[in-house]
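Report on the structure
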Amino acid sequence: MNHSYTLENDGDILEQQCWKLFLKDQFQNYEIFWIKHIVPLTNRPKNIHFKTNEELEKNGKTENDLCIAQLHYTTLRHLYSVFTIILNDQINLDLLTFGISRIVGAQDTAFELLERITNLEDYEQKDPWDEKEGEKARRAWQNNNQTPLQNIRHYRNHLIHGRLSPSYNGLFPSIEKEKFYIDWRKITDENQLPIAIKDLTCGQEILRDAWNQTIDYFQNEWGKII
């Protein structure tokens, strides 16, 4: 029944935009998952909103399925935000920090989704709306899968939890190089700059690197659950 649905024709405005912008080229498995796991939870073709619990039960679905659907959509919303930031030629420290934070947000919701759908039986009796359980699911996926994309998460921590990132003419330490430049003088001192310049790049390239690593991981992992 669902094979005729497509994001391009039957998604909401955000889904249709994202399909054209990056899903069809980089994250095709998002649509395959959507057709299989999301469409049956909605009232399509009448409307895109979710069914009631009674309607879900008739189709062998539960609130746990709704939880996964909401995580799926939230991941997309984070990705869209990052993609629009990358389109900026001039990305200052504030935009870089926001963009990296949103891409880590996409990772968080993706990790929870992947954990929940891979180990459905472990979550059947747990409250899908309990955020503490959601956090446990995210941690479980990371711990059981070699802490994926951790280099990007370290970079987010560097931007959010530490002192301001140093910069030179709009260039910042690239991902995995930030730990070497906690001391600002290694960039701001004219004697140190020639050594540091090889590790600096523009905010757009940093975000693009984080984007490509993340979207490739998602495409690959979604492929295992569809």
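Below you will find a few notes about this structure. The structure displayed is predicted, hence computed values, not measured ones. (Residues numbered from 1 in each chain as written. Predicted model: local features only at pLDDT ≥ 70, side-chain atom pairs only at ≥ 80, totals over all residues. Heavy atoms only, no water.)

1. Details of the pattern of salt bridges
In total, this model carries twelve salt bridges according to the counting rule given. Measuring nitrogen to oxygen at the nearest pair gives 4.0 Å for the salt bridge that ties Glu-15 to Arg-44. Within this pair, whereas Glu-15 is found in helix α2 (residues 13–26), its partner Arg-44 is found in the loop between α3 (29–38) and α4 (53–58), the two being separated by 29 residues in sequence. Taking the relative accessible area as the measure of exposure, Glu-15 reaches 5% and is therefore buried. Residue Glu-133 pairs with Lys-126 through a salt bridge whose shortest N-O separation is 3.9 Å. By relative accessible area, which is 35% here, Lys-126 ends up partly exposed. Salt bridges here are not isolated pairs; linked through shared partners, they connect Glu-112, Arg-116, Glu-131 and Arg-138. (Salt bridge = Lys/Arg side-chain N within 4 Å of Asp/Glu carboxyl O. Helix = DSSP H or I, 4+ residues; strand = E, 2+ residues; numbered from the N terminus. Buried < 20%, exposed > 50% of the residue type's maximum accessible area, 1.4 Å probe, protein only.)

2. A short note on the side chain of Glu-15
A polar contact of 2.7 Å, which involves the side chain of Glu-15, links it to the backbone nitrogen of Asp-12. Apart from the residues within four sequence positions on either side, Glu-15 is in contact with Leu-7, Leu-23, Tyr-30, Trp-34, Arg-44, Tyr-73 and Leu-76. (Polar contact = N/O pair within 3.5 Å; in protein donor to acceptor, adjacent residues only side chain to side chain. Contact = heavy atoms within 4.5 Å.)

3. Focus: the nonpolar core
Residues Leu-23, Leu-96, Leu-113 and Trp-211 are the most contacted members of the largest nonpolar core, which totals 56 residues. Counting only elements with at least two residues in this core, the list comes to α2, α3, α5 (63–86), α6 (93–118), α9 (150–161) and α12 (203–225). With twelve residues, the top contributor of residues to this core is α5. With near-sequence residues (within four places) excluded, Leu-23 lies in contact with Leu-7, Glu-15, Cys-18, Gln-28, Tyr-30 and Leu-76. Counting residues in each nonpolar core, the second largest holds five residues, with Tyr-181, Ile-187, Leu-193 and Ala-196 among its members. (Core = buried A, V, L, I, M, F, W, Y, C linked by side-chain atoms within 4.5 Å.)

4. Points about α2
The first and last C-alpha atoms of α2 sit 19 Å apart over 14 residues, in line with the 20 Å expected at 1.5 Å per residue. The sharpest bend along α2 measures roughly 60 degrees and falls at Trp-19. For α2, every residue scored as buried is listed here: Leu-14, Glu-15, Cys-18, Trp-19, Phe-22 and Leu-23. At its buried positions, α2 is contacted by α1 (7–10), α3, α5 and α12. Where α2 begins, one side-chain oxygen reaches toward the backbone nitrogen of Leu-14, 3.1 Å away; that side chain belongs to Asp-12. (Expected span 1.5 Å × (residues − 1). Bend = angle between axes of the 7 residues up to and from the residue.)

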